2 protein chains.
Amino acid sequence: MVDIATRVWNHKWKIDPIVRSLIDTDFYKLLMCQSVFRNHPDTQVTFSLINRTKTIRLAELVDEGELREQLDHIRSLRLTRGESTWLRGNTFYGKRQMFTSAFMTWFENLQLPPYHLEKKDGQYELTFEGTWPEVMLWEIPALAVIMELRSRAVLKDMGKFELQVLYARAMTKLWGKIEQLQPIDDLRVADFGTRRRHSYLWQDWCVQAMMEGLGGNFTGTSNCRIAMMREIEAIGTNAHELPMVYAALADSDQALRQSPYDVLADWHEEHDGNLRIILPDTYGTKGFLEGAPDWLAGWTGIRVDSGDPATGAETAINWWKSRGEDPQQKLVIFSDGLDVDKIISLQQQFAGRCRVSFGWGTMLTNDFKGLVANDALAPFSLVCKAIAANGSPTVKLSDNPNKAMGPAEEIARYKRVFGVGEQVEMEVVV
Amino acid sequence: MVDIATRVWNHKWKIDPIVRSLIDTDFYKLLMCQSVFRNHPDTQVTFSLINRTKTIRLAELVDEGELREQLDHIRSLRLTRGESTWLRGNTFYGKRQMFTSAFMTWFENLQLPPYHLEKKDGQYELTFEGTWPEVMLWEIPALAVIMELRSRAVLKDMGKFELQVLYARAMTKLWGKIEQLQPIDDLRVADFGTRRRHSYLWQDWCVQAMMEGLGGNFTGTSNCRIAMMREIEAIGTNAHELPMVYAALADSDQALRQSPYDVLADWHEEHDGNLRIILPDTYGTKGFLEGAPDWLAGWTGIRVDSGDPATGAETAINWWKSRGEDPQQKLVIFSDGLDVDKIISLQQQFAGRCRVSFGWGTMLTNDFKGLVANDALAPFSLVCKAIAANGSPTVKLSDNPNKAMGPAEEIARYKRVFGVGEQVEMEVVV
């Protein structure tokens, strides 16, 4: 029996919206947003889309009109009552009332600010300007929209059964990975794949497959909407955005050198336990840890997000030892370019030496590599970053020079200030 | 939006019926039934289930109560008005009114006769007795029910996503085969997989995938219900059942020797064109063709259903040449244990030398080999055959002694009467 009402209702949509909720975003964006709302509510920032895979000519693949419709739709979204209730009433990282009433009131009234869209050299220039707490919430939906429009562009000429087989192949591929992970008893892996997912529905499928396939070893998802719908943990702490903007706001080299620690000092006041996770690589992990104040060594863990992950973890373990901490009590979160083989080898290498957890992103929610002609659905490296704060450009160095961003002269200055020496280049696939 | 009525309706089913239509059967059963209805309406026959794969202990896998419920449900089925309209109004093999009004009236009033079910040595003894036109229509639904109950028994402890991945893997597998067949320009392949399908829904999926993937090179399905629903050709001609029963009814060695030709003489009166297909292997292809009357050489083609298929086709080509016929005008239908590699190699070997077509069965609609633990869904060799007619046992020899059936002394007699010498044994997988 066809539900006639559903069918007629579906015909009334002018578009098939990709992002349908303001909490279809990563949990750490909301945590950071609350921190920014408290500490830097008036800072003016510019966020910009950056396609690091230049061979993917997005402006030739994705129709501008469709992109505008999707972005306009996101601007029409408001936090719903149920979403607000979930954010106010849920337990996050074991804590109730993670979000203050002041922040929730602000969020309940939020409309995302306007966007600026232009085509240039086969790419889209998509930027967002305004106050930091508002603009920062564009990052994930902007990425998700472009990723999914690119998927749709590739899929639009395929037959019905060809499509079904495509998803069958993708399911087969992911389930094979899950089966590889099943024998690992003490695995802790979460979905970090919202931003570069193939599509919302596919991410939701992946999460449910992980729930069934890995049980309690699947610790949750970074996606708040999916965490809410599937009644699982929302996962995430903080990101490079905070030190990048804090650094851009610094008015001297000394203030610049101090800025990454200022970020974590603010965070220290707001959070404890498993939310005290250091992201040390923004301006080089080595220098960051050497110059870190002792109270940081008391934090729960470190997230390794660039450079060779095993090296990063060893560096963290040695640092904890040098500060008199027991690494076995500490948490190392791997979150950079993971796939199942890397997860397995890192787990083997570090389980027992420290607590280990994985934030599995693009290769969880968008591994369509090899599934269509010309590999037209292979994931690629798209980011949306703060590029300026109060008129000053931002800079990121990271532990992989291929991930560095910012004006060349500023990169040079940051390298000098933070004492960053030789770095090993690593290919950035996703 | 959930369609509440549908949901409530679904809850009212006491069982999930496997066979839901009297035309969820092979087209050739209906053609043969009409012939039997005309020529042998009162012949008493016994049909029996035979599991040639003894390692599959069906009575331990499939619950007797569930099996009875399914068989009882089949007995509750009647030809529906739409099905009757389709049989009366459709064009089959280019011909309107294939089914006579007398036959249709009989069919519209048909209820399948009772069954007899017992367990023995881990197998089911399932037999059907009564007049030939009624009993013969049990064959396909009985096989389909047991095949699908076996599938359900294996699937019942699997999780939701595990199940989805199972079907994803099966879809991936079949589509890979379809992609292998796509480059063959003049391929002609039909679905012959009803009797040993994994399930009805899966067969229906396979048919639709073939329609989309192969276009006009997919010539149709043997399944009448699916042919009706998908508006494609119903395919099939005649089977071993006819010569086996005719032979059992013969009252002398001379009549026995003549019986396979009597079958085709009756058929010759009723059908022309592409329905004049010889199935020569019931009592040995070689002897059959050598002794065949000349009018048989004028028939359209031959179906090769046992023995080495290439040898069978060469035998047919040489026979046509010896009778002054042009093999390039003749049709060879391969239908025994086909999978995609065999289809491709036979096509390469015979395309251009004769018209070639394929009836692809079990490995189209039930290739779940290797997809679950212990290969518990691998297809196996289940048949449902006429074992007696008017009190005499039936015998089949075929071109593969592993497919022979009947009492040993009768097999010896048939071999003598039909002059069958040495035969090459070939493994029967499906």
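Residues numbered from 1 in each chain as written. Chains lettered and ligands numbered in written order. Predicted model: local features only at pLDDT ≥ 70, side-chain atom pairs only at ≥ 80, totals over all residues. Heavy atoms only, no water.

Naming follows an unreviewed UniProt entry, where chain A appears as Nicotinate phosphoribosyltransferase of Yoonia rhodophyticola. What UniProt records for chain A under Pathway (unreviewed entry) is the sentence "Cofactor biosynthesis; NAD(+) biosynthesis; nicotinate D-ribonucleotide from nicotinate: step 1/1." In its Function (unreviewed entry) section, the UniProt entry covering chain A states "Catalyzes the synthesis of beta-nicotinate D-ribonucleotide from nicotinate and 5-phospho-D-ribose 1-phosphate at the expense of ATP." (UniProt positions renumbered as here; feature names shortened; annotations may be inferred.)

## A word on a nonpolar patch on the surface
On the surface, Met 1 of chain A together with Trp 9 and Trp 13 of chain B cluster together into a nonpolar patch covering about 400 Å² of accessible area. For Trp 9 of chain B, the position within the fold is in helix α1 (residues 4-12). (Patch = residues over 30% accessible without salt bridge, like charges linked within 9 Å, V, L, I, M, F, W, Y side chains within 5 Å. Areas by Shrake-Rupley, 256 points an atom, 1.4 Å probe, with all protein chains shown as cover. Salt bridge = Lys/Arg side-chain N within 4 Å of Asp/Glu carboxyl O. Helix = DSSP H or I, 4+ residues; strand = E, 2+ residues; numbered from the N terminus.)

## Observations regarding the domain arrangement of chain A
Residue and element names in this part refer to chain A. Along its sequence, chain A is carved into domain 1 (17-156 + 380-412) and domain 2 (161-365). If you average the C-alpha positions of domain 1 and of domain 2, the two centres end up 19 Å apart. Domain 1 puts 59 residues into the contact, and the matching count from domain 2 is 48 residues. Contact between domain 1 and domain 2 buries roughly 4,500 Å² in total, counting both sides, with carbon and sulfur atoms accounting for 58%. Linking domain 1 to domain 2 there are 8 salt bridges. Across the pair Lys 403 and Asp 336 runs a salt bridge, and its minimum N-O distance is 2.7 Å. Applying the counting rule to domain 1 against domain 2 returns 29 residue pairs in polar contact (both at pLDDT 80 or more). Residue assignment for the side of domain 1 that touches domain 2 shows that the elements contributing at least two residues are α2 (27-39), β1 (44-51), α5 (81-89), β2 (91-92), α8 (139-155), β12 (382-389) and β13 (392-393). (Domains from an automatic or database assignment. Contact = heavy atoms within 4.5 Å. Buried area = accessible area lost by both parts, 1.4 Å probe. Polar contact = N/O pair within 3.5 Å; in protein donor to acceptor, adjacent residues only side chain to side chain.)

## A word on the interface of chain A and chain B
Across the contact, 21 residues belong to chain A and 21 residues belong to chain B. In total, chain A and chain B occlude about 2,000 Å² of area from one another, counting both sides; carbon and sulfur atoms represent 62% of this. Ranking the residues of chain A by area buried against chain B places Phe 161, Arg 169 and Glu 212 of chain A at the top, with a combined share of 29%. Between the two partners, chain A and chain B, sit 2 salt bridges. The salt bridge involving Glu 179 of chain B is made with Arg 169 of chain A; its shortest N-O contact spans 3.0 Å. The interface formed by chain A and chain B includes 12 residue pairs in polar contact (both at pLDDT 80 or more). Secondary-structure elements contributing two or more residues to the side of chain A that touches chain B are α9 (160-181) and α10 (200-214) of chain A. Per-element accounting of the side of chain A that touches chain B gives the leading share, 12 residues, to α9 of chain A. Split by residue class, the side of chain A that touches chain B holds 9 nonpolar, 6 polar and 6 charged. (Nonpolar A, V, L, I, M, F, W, Y, C, P; charged D, E, K, R; others polar.)

## Things to note about the sheet that holds strand β8 (residues 277-278) of chain B
Residue and element names in this part refer to chain B. Read from one edge of the open sheet, 6 strands run β7-β6-β11-β10-β9-β8, paired in parallel fashion. Edge positions in the open sheet fall to β7 (218-221) and β8, since each of these has one partner strand only. Pairing geometry for strand β6 (residues 189-191) and strand β11 (residues 355-360), over 3 bridges, is parallel. Residue Val 189 lies in a different strand from β11, and its bridge partner there is Phe 358. (Pairing = 2+ DSSP bridges.)

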